[in-house]
Amino acid sequence: MTNAKGRFGVYGGQYIPETLMNAVIELEAAYEKFKADATFNAELEKLFNEYAGRPSRLYFAERMTNDLGGAKIYLKREDLNHTGAHKINNVLGQALLAKKMGKTRLIAETGAGQHGVATATAAALMNMECVIFMGEEDTIRQALNVYRMKLLGAEVVAVKTGTATLKDAVSETFREWTRRISDTHYCLGSVMGPHPFPTIVRDFQAVISKEIKSQMLEREGKLPDVVIACVGGGSNAMGSFWNFIDDKQVKLIGCEAAGRGVDTFETAATIATGRTGIFHGMKSYFCQDEFGGIAPVYSISAGLDYPGIGPEHAHLHDTGRAEYVPITDAEAVEAFEYLSRTEGIIPAIESAHAVAYAQKIAPNMPKEKIIVITISGRGDKDCASVAKYRGVNIDE
Amino acid sequence: MSKIKNAFAGGKAFIPFITCGDPDLATTAACVREMVKNGASLIELGIPFSDPTAEGVVIQNANLRALRGGTTTDKVFELVKDLRRDVKIPLVFMTYANVVFGYGAEKFISTCAALGIDGLILPDLPFEEKGEFLPLCRKYGVDLISMIAPTSENRIAMIVREAEGFLYIVSSLGVTGTRNKIVTDLAPIIKIVRENTKIPCAIGFGISTPEQARAMANLSDGAIIGSAIIKILAEHGSNAPKFIGAYTKTIVNSLRRKYDSNV
């Protein structure tokens, strides 16, 4: 029998070195204590509202709706949060929790740099030391975010091992945590890793679906028919889905990064091309070879360029409660440009994967149906790489 | 009960680690035979994994060299089959949970048993998750080795009471790799271990010199050395076996000499 703790169906668990076990047990105990604590929740809500700028807008994308000619499209504007992405929700929660636990130092992995920037921001705000691990490849793709993190007082370590992308940054952050535990909290950026991280991150991100629900009821007097979000590890998607899971009539769709296509090796679509495995502390779906070696993955989006997916998504996939679809680089780039042109909103290239799927399904849906797309982040950071994709050279 | 306890029957045990296929499997086979010839008590054979999260940079690079050279789990099994024609000392695999899971846990563990692998060390499989493979390990008679870390504290007794084969005591915080000094106060940890089990325990992580090995073996029943051996391989490549034989001899001599004083 496998451990029942932190399981979503068969997925999840705590597959980590013994050195870290007491750290995650301590974290779980602290989280159980503070999540029910009125003062903690009041402090967090204050940070959400006054610092991060919540609640984020639920915006009716009228031009996009008219242009596609089908379902009504709303955008959940997580890109308008302070630091420009949904990542701040989780980070403020974890940093506050770490502070209450007496930790003085935050470490984190980052792919696109959004989680690193958010962590560096929270560390500056709460006067904590901060070290961010980022794949060397990503420090090049996202040079501006590296500068932002340093500006915020964080140290940025370029990870050169393996494929020098997000998975290697996660591995290196775990290694750093085993080196230094007593004063350090690993502020994990997605609904992944060992228990209790998938649960903690989901709970802090659940504010997204809580707001969508009340905003939608206020605007339309009913729930949306479809909620779409992009999925790498899957934190903005889990946050967007969570409060709708019991509302079975609401269709939940996660968009994975297919890179150059699910029939190529240059893909990061875990559900479409992976199988069950054990890695980075969790049992879930992973892109891997026949001997269990973790496969190098590829996507134009540094934030979705990860060979696994959070364990609760794996479970939602198996049970059929959520559907996961692959979106290619080409589709995402077109959606990136489309939303910029149509609504004057430049989405993160990650979020553009969700926009691309809405473009596919909205025209075939009746006008009274409603789609909510979570725009998980803003796209300024991606302009250079999209320009490069289009063959345009710009100086950053 | 496997024959792992035999490794500790002749005094303090020396347990070297080697990544299979670094730089190639023929070199690994020659190194293992040199280790045996020079007195190694038990050998940890590492099956390379793409993302060895508990390893420092030295063993990470060994894993990458082995994988780039085309080493697979099936080829490591072939290596063991060859070794078992003449190597009689206990052999254990050290790898990661997904190498076992991805191969098919039953197929992997039954193959281990058939080839004469005595135990399995999986650093990303803590006490709470050992149910993942323990029933199969029991079924086929392969010991699932437990690890104790400097941070284990209140968990030591619980882990030790159910431990099989030998206990792997992690000397230091952090990942594998040589260290100038081992700062953890290991004596209180060993005391709890002794109170809760009769199986032998060996200390690993950070050990490279004969002096460190002797000090760690004096505290416990043996010393485990990995990164220091991999460094020799990285330096000498396919010429490494004779150097690894000489290194083994140095360590074994330091463990077997009689010492009155505590070092």
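Residues numbered from 1 in each chain as written. Chains lettered and ligands numbered in written order. Predicted model: local features only at pLDDT ≥ 70, side-chain atom pairs only at ≥ 80, totals over all residues.

**Some thoughts on the overall build of chain A**
In step 1: Check the secondary structure of chain A and you find 16 helices and 14 strands.
In step 2: For chain A, the C-alpha atoms occupy an extent of roughly 55 × 45 × 45 Å along the three principal directions.
In step 3: Buried positions account for 63% of the 396 residues belonging to chain A. (Helix = DSSP H or I, 4+ residues; strand = E, 2+ residues; numbered from the N terminus. Buried ≥ 20, exposed ≤ 12 C-beta atoms within 10 Å, placed from the backbone.)

**A short note on the interface of chain B and chain A**
In step 1: If you look at the interface, chain B gives 34 residues, while chain A gives 30 residues.
In step 2: Looking at the side of chain B that touches chain A, the elements with two or more residues in it are helix 2 (57-68), helix 4 (97-103) and strand 6 (146-148) of chain B.
In step 3: Element by element, the count of residues in the side of chain B that touches chain A is highest for helix 4 of chain B, at six residues.
In step 4: Partitioned by chemical class, the residues of the side of chain B that touches chain A number 16 nonpolar, 11 polar and seven charged. (Contact = placed C-beta atoms within 7 Å. Nonpolar A, V, L, I, M, F, W, Y, C, P; charged D, E, K, R; others polar.)

**Things to note about the packing of helix 9 (residues 210-219) of chain B against helix 11 (residues 240-256) of chain B**
Residues and elements named next belong to chain B.
In step 1: At a minimum axis separation of 9 Å, helix 9 and helix 11 run at an interaxial angle of 40°. In this view, helix 9 runs oblique relative to helix 11, as classed from their interaxial angle. The element helix 9 and its partner helix 11 pack so that their crossing is right-handed. Residues Pro 210, Ala 213, Arg 214 and Ala 217 of helix 9 form the contact with helix 11, whose participating residues are Thr 250, Ile 251, Ser 254 and Leu 255.
In step 2: The residue inventory of the contact of helix 9 with helix 11, partitioned by class, reads five nonpolar, two polar and one charged. (Axes fitted to C-alpha atoms, helices over the stretch in contact; angles between N-to-C directions. Parallel < 35°, antiparallel > 145°, perpendicular 65-115°, else oblique. Left-handed = near helix turned anticlockwise from the far one by under 90°.)

**Remarks on the nonpolar core**
In step 1: Counting residues in hydrophobic clusters, the biggest one holds 220 residues, and the most contacted among them are A:Ile228 and B:Ala223.
In step 2: When residues of this core are sorted by domain, at least three fall in each of domain 1 (8-48 + 87-201) and domain 2 (55-84 + 206-389) of chain A.
In step 3: Non-local contacts of A:Ile228, meaning those with residues more than four positions away in its chain, are made with A:Ile253, A:Cys255, A:Ala354, A:Tyr357, A:Ala358, A:Ile371 and A:Ile373. (Core = buried A, V, L, I, M, F, W, Y, C linked by C-beta atoms within 7 Å. Domains from an automatic or database assignment.)

**So, the environment of B:Thr151**
In step 1: Here B:Thr151 lies in the loop between strand 6 and helix 7 (156-161).
In step 2: Residues B:Thr151 and B:Ser172 lie 21 residues apart in sequence; the distance between their C-alpha atoms is 9.0 Å.
In step 3: Contacts of B:Thr151, omitting those with residues within four sequence positions, involve A:Thr19, A:Asn22 and A:Ile181.

**Some thoughts on the domain arrangement of chain A**
Many structure descriptions define interface size as the accessible area lost when the parts assemble.
Residues and elements named next belong to chain A.
In step 1: Taken as a whole, chain A is organised into domain 1 (8-48 + 87-201) and domain 2 (55-84 + 206-389).
In step 2: Distance from the C-alpha centre of domain 1 to the C-alpha centre of domain 2: 22 Å.
In step 3: Residue assignment for the side of domain 1 that touches domain 2 shows that the elements contributing at least two residues are strand 2 (11-15), helix 4 (87-100), helix 5 (114-125), helix 6 (136-141), helix 7 (143-151), helix 8 (166-179) and helix 9 (197-205).
In step 4: At five residues, the largest contribution of residues to the side of domain 1 that touches domain 2 is made by strand 2.

**Here we look at the sheet that holds strand 10 (residues 251-259) of chain A**
All names here are of chain A.
In step 1: What the six strands build is an open sheet, ordered 3-4-14-9-10-13; its pairing is mixed. Because the sheet does not close on itself, it has two edges, and the strands there are strand 3 (58-60) and strand 13 (322-328). Averaged over all pairs of adjacent strands, the angle between strand axes in this sheet comes to 30°, irrespective of strand direction.
In step 2: Relative to strand 14 (residues 370-375), strand 4 (residues 72-77) runs parallel, the two sharing six bridges. For Lys 72, the partnering residue across the bridge sits in strand 14 and is Ile 370. (Pairing = 2+ DSSP bridges.)

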